[in-house]
Amino acid sequence: MKHITTIVLATITLITLAFTQHNGGVYKTNTGNISFFSRTPIEDIAAENHKVKTAFSSVNGKLQFSVLIKDFEFEKALMQEHFNENYMESTKYPKATFNGIIEDINIVEVSKNGTYTSKVSGKLTIKNVTKEVSATATFSVKGDIVNAKAVFNVNPSDYNVKIPRAVINKISDNIKISIDADYTHQH
Amino acid sequence: MNRIFLFFMLVSILTSNAFSQDLDLLDDGEPRTNYTTATFKTNRVVNGHSIETVAKREFDFKISHRFGFVNGGVYNLFGLDQATIRMGGDFGITDNLNIGIGRSNEAKTYDGFVKYKFLKQSTGTKKVPISAAWISHIGVTTQRWTRPDRENLFSSRLHYTHQLLIARKMTDGLSLQLSPTLVHKNLVDSAARTNDILSIGIGVRQKITNRISINGEYFYVLPNQLELDKAKSLSLGFDIETGGHVFQLFFTNAAAPFEKGFITDTKAKWLDGDIRFGFNIARMFNF
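Residues numbered from 1 in each chain as written. Chains lettered and ligands numbered in written order. Predicted model: local features only at pLDDT ≥ 70, side-chain atom pairs only at ≥ 80, totals over all residues.

Asks: Pulling in residues and values, what's your account of the overall build of chain A?
Replies: A count of helical and extended segments in chain A gives two helices and nine strands. Relative to the 2.2 N^0.38 estimate, which gives 16 Å for 187 residues, the radius of gyration of chain A is 20 Å and therefore markedly larger than a compact globule would have. Dimensions of chain A, computed from the C-alpha atoms along their principal axes, are close to 80 × 35 × 25 Å. The burial tally for chain A puts 27% of its 187 residues in the buried class. For chain A, contacts bridging at least 24 residues in sequence account for 56% of all contacts bridging at least 6. (Helix = DSSP H or I, 4+ residues; strand = E, 2+ residues; numbered from the N terminus. Rg over C-alpha atoms; globule rule 2.2 N^0.38 Å. Buried ≥ 20, exposed ≤ 12 C-beta atoms within 10 Å, placed from the backbone. Contact = placed C-beta atoms within 7 Å.)

This is the structure in structure tokens:
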């Protein structure tokens, strides 16, 4: 009988734990920022997206991004049109996604103000092409908000982005992508 | 004991479900409106305006060129010896409100217009099946009077064109446009002629690659309005886009690169082989 009580108590604890982890560990935002920068001697091209959806779990380190291509804003309207129409084909491939993991999630103490760094790795999908990427991310905890920053580079040709020969000198094959998101704790 | 075991199993399944839920941390999010972009490559179908406007503080410089008749033969190098030209530009006051000016050597005409896009095709929360714009042109011919001895009024030099542009991007590649058009000429050749001419423009654009499309444009003029020697304008061509430039290369029977001219003054007929080669070059500048 003693055994049974222990088992029941243990299961109840497990359930409680599972639910707390699920509800307590998720950090989210719908207004994350992603910008990219292409530098060549001829032209610099930059764009920003302020409507990035992203979330992570402080329990298991799972990290996700969902980015609508149409939400990238350029200084020149024509560039934005060409980006969507010619390069990213955003009606056909409206989203870019990232599914990965914060590898050292255990050192990121979400309940304690401070700055922590961890390697982040996972699958980046652009134009239906999925590649493994990794970067070092900085997490700054301040109260209920966790800010995450990371920078990494991609080569457009890896993701089926075709660049015509006429403009090949204007678009870098090493585009810098910067991420800056303020996550809030989901209660 | 068995029952407890089952209970434990059930709980394990439940908890694992709870865990698997955060496999997808992101929800679909709130619904949004997606506006259709790039119904046409540039703000002209061929001769006439397309639904597209230039963005705020952008200036689209345009050189429009129509050569002589291709059937002029080698003597006129297939029409390249002659040319009708318009130089002008469209400027974006806002993303939807454009103004433009131009000057053509056809009857030494200066023209200006105001274009306002008041409806945008969209999907999502706000569903709008079409885009629509209004455009009003004014033209001034500045050729010397053919009869300087008569009393000639400045107002006789003026003509106006008003158009409603209705367009729909049917698929990613195919766009259609209808443009009901009213041309008003202050001066006509004889009292038997009407000052107001009603027509409807039909524009089609089909993409072949991301940067090249085939365009067609026809202006149907309602019967009994044009002189017998006049024809309706039909144009077929390509849009080729290279970064900041759009090249439009086409064949047309119309000579004048402004609305009143190509809708009401076209004389050449395709069936007679009186076709011209023409091009528009557009270059975008930012301010």
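Resuming the write-up.
Asks: Provide a residue-level description of the overall build of chain B, including the pertinent values.
Replies: When its secondary structure is counted, chain B shows two helices and 14 strands. For a compact globule of 287 residues, the expected C-alpha radius of gyration is about 19 Å, and chain B comes in at 27 Å, more than 25% above that figure. Counting only C-alpha atoms, chain B reaches 120 × 40 × 40 Å along its principal axes. The 287 residues of chain B split such that 34% are buried. Relative to all contacts within chain B whose residues are 6 or more apart in sequence, the contacts with residues 24 or more apart total 57%.

Asks: Explain the sheet that holds strand S7 (residues 131-141) of chain B residue by residue, including any values.
Replies: Residues and elements named next belong to chain B. Taken in spatial order, the 12 strands close into a barrel running S2-S3-S4-S5-S7-S8-S9-S10-S11-S12-S13-S14, and their pairing is antiparallel. Neighbour-to-neighbour, the strand axes of this sheet turn through a mean angle of 20°, independent of strand direction. Where strand S2 (residues 58-69) lies against strand S14 (residues 276-286), 10 bridges are found, and the strand directions are antiparallel. What sits directly across from Lys62, in S14, is Ala282. (Pairing = 2+ DSSP bridges. Axes fitted to C-alpha atoms, helices over the stretch in contact; angles between N-to-C directions.)

Asks: If you had to explain helix H2 (residues 77-87) of chain A to someone new, which residues and values would you point to?
Replies: Since there are 3.6 residues in each turn of an α-helix, residues three or four apart along the chain are aligned in direction. For H2(A), the full list of buried residues reads A:Ala77, A:Met79, A:His82 and A:Phe83. Looking at the packing, one finds that the buried side of H2(A) touches strand S2 (44-57) and strand S4 (73-74) of chain A together with S2 of chain B. Directly after H2(A), the chain includes A:Glu89, whose backbone phi takes a positive value near 45°.

Asks: Run through the pairing of strand S12 (residues 234-242) of chain B, naming residues and quoting values.
Replies: Residue and element names in this part refer to chain B. Pairing geometry for strand S11 (residues 212-221) and S12, over seven bridges, is antiparallel. Across the sheet, residue Glu217 finds its bridge partner in S12, namely Ser235. By the bridge criterion, eight bridges tie S12 to strand S13 (residues 245-252) in an arrangement that is antiparallel. Across the sheet, the residue bridging to Thr242 is His245, located in S13. Adjacent in sequence and paired antiparallel, S12 and S13 are bridged by two residues, among which Gly243 carries a positive phi angle near 60°.

Asks: Got a sec to walk through the pairing of strand S5 (residues 95-102) of chain A? Specific residues and values, please.
Replies: Look at any regular strand and the pattern is simple: side chains alternate between the two faces of the sheet. Residue and element names in this part refer to chain A. Bridge count for strand S3 (residues 62-68) against S5 is seven bridges, and the pairing is antiparallel. When the bridges of S5 are listed, Phe65 appears paired with Phe98. When S5 meets strand S6 (residues 114-126), the two strands line up antiparallel, connected through six bridges. By the bridge assignment for S6, Thr97 is matched with Thr125.

Asks: Tell me about the environment of B:Ile166, and name the residues and values.
Replies: Residues and elements named next belong to chain B. Locating Ile166 in the fold gives a position in strand S8 (residues 158-169). By the C-beta count within 10 Å, which is 16 here, Ile166 ends up partly exposed. Expressed as a C-alpha distance, the spacing of Ile166 and Ser179, which sit 13 residues apart in the sequence, is 6.2 Å. Other than its neighbours up to four places away in sequence, Ile166 contacts Ile130, Ala132, Gln177 and Leu178.

Asks: So what's going on with unusual backbone geometry? Residues and values would help.
Replies: Unusually for a residue other than glycine, A:Glu89 sits at a positive phi of about 45°. Structurally, A:Glu89 is set in the loop between H2 and S5. Residue classification places A:Glu89 among the partly exposed positions, given that 18 C-beta atoms sit within 10 Å. Phi at B:Ala38 takes a positive value of approximately 50°, unusual for a residue other than glycine. Structurally, B:Ala38 is set in the loop between strand S1 (33-35) and S2. The partly exposed category is assigned to B:Ala38, around which 19 C-beta atoms lie within 10 Å.

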